[in-house]
Amino acid sequence: MKEPEKEGMTEAAKNSTEHSEFADIREKLRDALPPVGQLESGAELRRDLWPDMLRRLEQSPVRVPWFDWALLAISGAAAIFFPALIPALAYHL
Amino acid sequence: MEVLQRFAAGDLDAFESLFRQHQRDVYRWIVRIVRDPAVAEDLTVETFWRMHRGHAGFHPDANFGAWLRRIATNVALDHLRRRRPYVELPDEIAAEQKPDSAVQEQTRVALRKAFAELPPRLRVVAQLGLVEDETYPEIAEALSITAGAAKTRMFRAIRLLRKKLQRLGVHS
């Protein structure tokens, strides 16, 4: 979402104007920390990251929904407190 | 069916297609915030991982690029929050400084230190605005805040930076 381009002004010039109230510190900051685009290395991606992404997808644990955990807890509690239900449940399985 | 609709439905091929199409843009955005290529690569993967997890919440008619950039910004901010307050710049980026007088170099080091000590939510605004020349609306959209809030954060970042520099004996 960019603002409409001001007539006759480049994007960089427009942005410089927008932050001109901090011109002094901006200049020093850019001297200490040059914009990444001006650096010779690191500004662009050097390799395809899809293999890393695939590894990440494979490593991800299978997520069990909370509802399934709740059902399991209820069944366990029922088996402990009402053992007579076990044959009835086994009959229906 | 369009790729965004298939992605929202959980199709892995659509996810791969979006990944290949946008990985460079996401990396380029993140490296401008964290200034470390190796970390930016990891965070790019983390961004797409969060995007993949959130596929069901994405509406195919929404602005995909803006949504992805918001996720990338949050991932980068989370990284800055986790990292210890002051970390020297990685050699790869710091080494490209031009040789200059000892005083100027001292000023640069003080500035880098003061800047790295800023709270991440202020630092990211100053980094994108002052160093990377992004406009307030662009910063605001990436951080899901208003342009006014972005400007307020910029003022606070500058005020804090000036204070820290004074304490370090540098006049800004």
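Above this text is the structure in question.
This text gives an overview of the structure that appears in the document. (Residues numbered from 1 in each chain as written. Chains lettered and ligands numbered in written order. Predicted model: local features only at pLDDT ≥ 70, side-chain atom pairs only at ≥ 80, totals over all residues.)

## Description of the interface of chain A and chain B
Convention followed: Two residues form a contact once the distance between their C-beta atoms, set from the backbone, is within 7 Å. Going along the chain from the N terminus, every DSSP run of H or I of four or more residues is numbered as a helix, and every run of E of two or more is numbered as a strand. Each residue is assigned to one class: nonpolar for Ala, Val, Leu, Ile, Met, Phe, Trp, Tyr, Cys and Pro, charged for Asp, Glu, Lys and Arg, and polar for all the others, Gly among them.
Facing 32 residues of chain A, the contacting portion of chain B comprises 39 residues. The set of elements that each furnish at least two residues to the side of chain A that touches chain B consists of helix H1 (11-18), helix H2 (23-32) and helix H3 (50-59) of chain A. Among the elements that take part in the side of chain A that touches chain B, H2(A) stands out by supplying eight residues, more than any other. A breakdown of the residues in the side of chain A that touches chain B according to their chemical character gives 15 nonpolar, five polar and 12 charged.

## Re unusual backbone geometry
Residues and elements named next belong to chain B. Applicable threshold: Working definition of burial: number of other C-beta atoms within 10 Å of the residue's own, with buried at 20 or more, exposed at 12 or fewer, and partly exposed in between, all C-beta atoms being placed from the backbone.
In this structure, Arg 35 is a non-glycine residue whose phi angle is positive, near 55 degrees. Inspection of the secondary structure assignment puts Arg 35 in the loop between helix H2 (12-34) and helix H3 (37-53). Among the residues examined, Arg 35 registers 23 C-beta atoms within 10 Å and is labelled buried. One non-glycine residue, Asp 133, adopts positive backbone phi at about 60 degrees. Here Asp 133 shows up in the loop between helix H7 (120-131) and helix H8 (136-143). Taking the C-beta count within 10 Å as the criterion, Asp 133 has 20 such neighbours and is therefore assigned buried.

## Concerning the nonpolar core
Residue and element names in this part refer to chain B. We apply this condition: Here, a nonpolar core means buried Ala, Val, Leu, Ile, Met, Phe, Trp, Tyr and Cys residues linked by C-beta atoms lying within 7 Å of one another.
Counting residues in each nonpolar core, the largest one holds 48 residues, and the members touching the most others are Ile 30, Val 125 and Ile 139. In terms of residue count, H2 provides more of this core than any other element does, nine residues in total. Each residue touching Val 125, except ones within four places of it in the same chain, is listed here: Ile 139, Ala 150, Arg 153, Met 154 and Ala 157.

## Looking at the packing of H2(B) against H3(B)
Residues and elements named next belong to chain B. How we decide: Angular values range over 0 to 180 degrees, each being the angle between N-to-C directions of two axes fitted as lines to C-alpha atoms, with helices fitted over their stretch in contact. Note on angle classes: values under 35 degrees are labelled roughly parallel, values over 145 roughly antiparallel, values of 65 to 115 roughly perpendicular, and the remainder oblique. With the far helix as reference, a near helix turned anticlockwise by less than a right angle produces a left-handed crossing, and one turned clockwise produces a right-handed crossing.
Viewed as axis vectors pointing N to C, H2 and H3 meet at an angle of 135 degrees, and their least axial separation amounts to 8 Å. In terms of orientation, H2 lies oblique with respect to H3. Crossing of H2 against H3: the hand is right-handed. Residue-level contacts link Phe 15, Phe 19, Gln 23, Val 26, Tyr 27, Ile 30, Val 31 and Val 34 of H2 to Pro 37, Val 39, Ala 40, Glu 41, Leu 43, Thr 44, Thr 47, Phe 48 and His 52 of H3.

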